[in-house]
Amino acid sequence: MVRFSRGVVRLLWRALAGGALLLGFIGIVVPGLPTVPFLLVAAWAGGKGWPALEARLLAHPRYGPVISRWRDHGAIPRRAKWLASGMMLLSASVLWFTALPLLARVAIPLFMLAVAVWMWRRPEL
C-alpha cells in the first residue's frame, strides 16, 4: 500500500475541492449542469483539506443554507427536486430519439427514474 505524507493528502483534498468548485461555477452559467451537487462535494473535500474554503461555502448567503441542510438532514429543496425531475424527463425524452442501442435508451431512463425516486424520498425542510 502506498502511504502519502500529510501534505500530499491535503493537496489531493484541495485539488478535489477546487475541481468540484470549478465545475460548480461552470454549472452556474451552463444550463443543465447542476451547481449544488458540485458545491456539496467541494465543501466535503474542503472539510478534509481546506477548512477555509469549507467555511466560506457554508457562509455563502445562497448556497450555505442548502449545504447545511444537506449535511444536517439530507434535505433537498422542493424546487430543486422539480427542476431535477424535469431535466431528467427532458433528457430521457431526447435520449429516446437518438441512435443509441435500445438497451441504452431503456437503461439510462430507468437509472434516472431510480435517482428521481431516491431524490423525492429525501426530506425537504
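Just above sits the structure.
Residues numbered from 1 in each chain as written. Predicted model: local features only at pLDDT ≥ 70, side-chain atom pairs only at ≥ 80, totals over all residues. Heavy atoms only, no water.

A. Local environment of the nonpolar core. Core analysis: the biggest nonpolar cluster contains 11 residues, these being Ala17, Ala20, Leu21, Leu39, Ala42, Ala43, Ala45, Leu53, Leu57, Tyr63 and Ile67. Elements that contribute at least two residues to this core include exactly helix H1 (6-29), helix H2 (36-49) and helix H3 (51-59). Here the element with the most residues in this core is H2; it accounts for four residues. In this structure, Ala20 is in contact with Phe38, Val41 and Ala42, ignoring residues within four places of it in sequence. Ile76, Ala92, Ala116 and Met119 belong to the second-largest nonpolar core, a separate cluster that totals six residues. (Core = buried A, V, L, I, M, F, W, Y, C linked by side-chain atoms within 4.5 Å. Buried < 20%, exposed > 50% of the residue type's maximum accessible area, 1.4 Å probe, protein only. Helix = DSSP H or I, 4+ residues; strand = E, 2+ residues; numbered from the N terminus. Contact = heavy atoms within 4.5 Å.)

B. Fine view of the layout of surface pockets. Approximately 1100 Å³ is the volume attributed to the largest pocket. Lining the largest pocket we find 27 residues, and of these Pro34, Thr35, Val36, Pro37 and Ala80 sit closest to its centre. Looking at the lining of the largest pocket, the elements that each hand over two or more residues are H1, H2, helix H4 (64-73), helix H5 (78-96) and helix H6 (102-120). When residues in the lining of the largest pocket are grouped by element, the largest group, six residues, is from H5. Grouping the amino acids of the lining of the largest pocket by side-chain chemistry returns 22 nonpolar, three polar and two charged. In terms of lining, the second largest pocket is formed by Leu21, Phe25, Ile28, Thr35, Leu39, Leu53, Arg56, Leu57, His60 and Tyr63. Of all the secondary-structure elements, those providing two or more residues to the lining of the second largest pocket are H1 and H3. (1 Å grid on protein atoms, 1.4 Å probe; cavity = no way out; pocket = protein on both sides within 12 Å on 5 of 7 lines; lining within 4 Å. Points joined across faces, edges and corners; volume = space filled by probe spheres on them. Nonpolar A, V, L, I, M, F, W, Y, C, P; charged D, E, K, R; others polar.)

C. Broad picture of the side chain of Thr35. With respect to the helices and strands, the residue Thr35 is situated in the loop between H1 and H2. In this structure the side chain of Thr35 is engaged in a polar contact, spanning 3.3 Å, whose partner is the backbone oxygen of Gly27. For Thr35, the residues in contact, after removing those within four places along its chain, are Gly24, Gly27, Ile28 and Tyr63. (Polar contact = N/O pair within 3.5 Å; in protein donor to acceptor, adjacent residues only side chain to side chain.)

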